[in-house]
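One letter stands for each residue in the lines below.
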Amino acid sequence: MAILVGGKSKRFGSDKCTHEINGKRSIDWINESIGFLFEKVLFVGENDRIDDSILDLKPGFGPISGLETAILNSKNGVFLVSCDMPFVKKEIVDFILRKISNYSIVCPVVDGIYQVTHAFYSANILEEVKKEMLTKNPSLKHLVSTCSNSLLIEEKELEIFKDYKNSFSNFNFPDDLNQHF
């Protein structure tokens, strides 16, 4: 698993990764919820508040640069999650992981939006990631939409999980957290 920790948190006003929610940092919520599902947990991005974070190889390109860095530091690929998604649900991540089989990318779609920072990316996608990084505006969404070996998980498949949308919610402003408490 790779948790993206390198954002600037401009709208939030302080570091979202280390923001405490009910006494625990956002990244700790994620790690406690799903970290045990993985052999290794990587913290990817520039963040001097997090020990052992791995700097993006190409800072300034957003999550896709974090993905490239994470894949290069993993053996089989990564489940990529953003640090501002502390309510990620184990059962949904487990559901995604059970679908990876021979796919390069497994990405849920919720409210018509690709959940690119709540998705699995195989290590065999590295060359496609590098190619995407060379485009004018590299993005995870474009990578997912152009990869010939992607599995998109439709929302109707996720509706079996209680409050499934919480797993995909992130926070950009302090008030965004109020809906969960």
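Preceding block: the structure.
Please read all numbers here as calculations on a predicted model, not as lab measurements. (Residues numbered from 1 in each chain as written. Predicted model: local features only at pLDDT ≥ 70, side-chain atom pairs only at ≥ 80, totals over all residues. Heavy atoms only, no water.)

Chemist: Mind showing me how you'd approach the side chain of Ser122 here?
Modeler: Looking at where Ser122 falls in the secondary structure, it is placed in strand β8 (residues 118-122). Once residues within four sequence positions are removed from consideration, Ser122 is found in contact with Ile71, Asn76, Gly77, Tyr103 and Ser104. (Helix = DSSP H or I, 4+ residues; strand = E, 2+ residues; numbered from the N terminus. Contact = heavy atoms within 4.5 Å.)

Chemist: Which parts of the structure should I look at to understand the packing of aromatic side chains?
Modeler: Overall, the coordinates contain 3 aromatic pairs when judged by the stated rule. A centroid spacing of 6.0 Å and a plane angle of 25 degrees characterise the contact between Phe38 and Phe79, whose relative ring orientation is stacked. In this pair, Phe38 is assigned in the loop between α1 (26-34) and β4 (42-44) and Phe79 in strand β5 (residues 77-82), connecting sequence segments 41 residues apart. Note on Phe38: relative accessible area 17%, which makes it buried. An angle of 70 degrees between the planes, with centres 5.4 Å apart, marks the rings of Phe95 and Phe161 as edge-to-face. Here Phe95, found in helix α3 (residues 90-97), pairs with Phe161, found in the loop between α6 (155-158) and α7 (164-168); they are 66 residues apart in sequence, far enough to count as distant. Given the relative accessible area of 11%, Phe95 is considered buried. On the basis of relative accessibility, which here comes to 12%, the residue Phe161 falls in the buried class. One cation-aromatic arrangement involves Lys24 over Trp29; the distance from NZ or CZ to the ring centre is 4.1 Å. (Phe/Tyr/Trp six-rings, centres within 6.5 Å; stacked < 30°, edge-to-face > 60°. Buried < 20%, exposed > 50% of the residue type's maximum accessible area, 1.4 Å probe, protein only. Lys NZ or Arg CZ within 6 Å of the ring centre and 35° of its normal.)

Chemist: Would you explain the pattern of salt bridges in this entry?
Modeler: Any two side chains of opposite charge can pair, so long as their charged atoms come close to each other. Taken as a whole and assessed by the stated rule, the structure comprises 7 salt bridges. Arg25 is paired through a salt bridge with Asp28; the nearest N and O atoms lie 2.9 Å apart. Lys58 is paired through a salt bridge with Glu68; the nearest N and O atoms lie 3.2 Å apart. Taken together, the residues span a long stretch of sequence, with Lys58 in the loop between β4 and α2 (63-72) and Glu68 in helix α2 at a distance of 10 residues. Residues joined in a network through salt bridges with shared partners are Asp111, Glu155 and Lys165. (Salt bridge = Lys/Arg side-chain N within 4 Å of Asp/Glu carboxyl O.)

Chemist: Just to check I follow, could you spell out the nonpolar core for this structure?
Modeler: Soluble globular proteins tend to bury their nonpolar side chains together. Among the nonpolar cores identified, the biggest contains 27 residues, and Ile3, Ile34 and Leu158 are the most heavily contacted of them. Mapped by element, the contributors of at least two residues to this core are α1, β5, α3, β6 (105-110) and α7. No other element matches α3, which puts 5 residues into this core. With sequence-adjacent residues up to four places away left out, Leu158 is seen in contact with Ile92, Phe95, Pro108, Val110, Ile153, Tyr164 and Phe168. Membership of the second largest hydrophobic core comes to 23 residues, among which are Ala2, Ile71, Leu80 and Val116. (Core = buried A, V, L, I, M, F, W, Y, C linked by side-chain atoms within 4.5 Å.)

Chemist: I would appreciate a short explanation of the packing of α2 against helix α4 (residues 126-133) in the present structure.
Modeler: Axis angle and axis distance: for two packed helices, these are the angle between their axes and the distance between the axes, and together they describe the pair. Interhelical geometry of α2 versus α4 gives an angle of 150 degrees and a closest axis separation of 10 Å. Comparing their axes, α4 and α2 come out roughly antiparallel. Seen from above, α2 lies across α4 with left-handed handedness. Contacts between α2 and α4 pair Ile64, Ser65, Leu67, Glu68, Ile71 and Leu72 from the former with Leu126, Val129, Lys130, Glu132 and Met133 from the latter. Per-class residue counts for the contact of α2 with α4 are 7 nonpolar, 1 polar and 3 charged. (Axes fitted to C-alpha atoms, helices over the stretch in contact; angles between N-to-C directions. Parallel < 35°, antiparallel > 145°, perpendicular 65-115°, else oblique. Left-handed = near helix turned anticlockwise from the far one by under 90°. Nonpolar A, V, L, I, M, F, W, Y, C, P; charged D, E, K, R; others polar.)

Chemist: Would you explain the layout of surface pockets in this entry?
Modeler: Rolled over the atoms, a probe with the dimensions of a water molecule shows which regions are left empty. Taken as a whole, the second largest pocket holds about 400 Å³ of empty space. Forming the walls of the second largest pocket are 19 residues, and the residues nearest its centre are Met1, Glu39, Ser74, Asn76 and Gly77. Sorting the residues of the lining of the second largest pocket by element identifies β5 and β8 as the ones contributing at least two each. Counting residues per element, the lining of the second largest pocket draws most heavily on β5, which supplies 3 residues. (1 Å grid on protein atoms, 1.4 Å probe; cavity = no way out; pocket = protein on both sides within 12 Å on 5 of 7 lines; lining within 4 Å. Points joined across faces, edges and corners; volume = space filled by probe spheres on them.)

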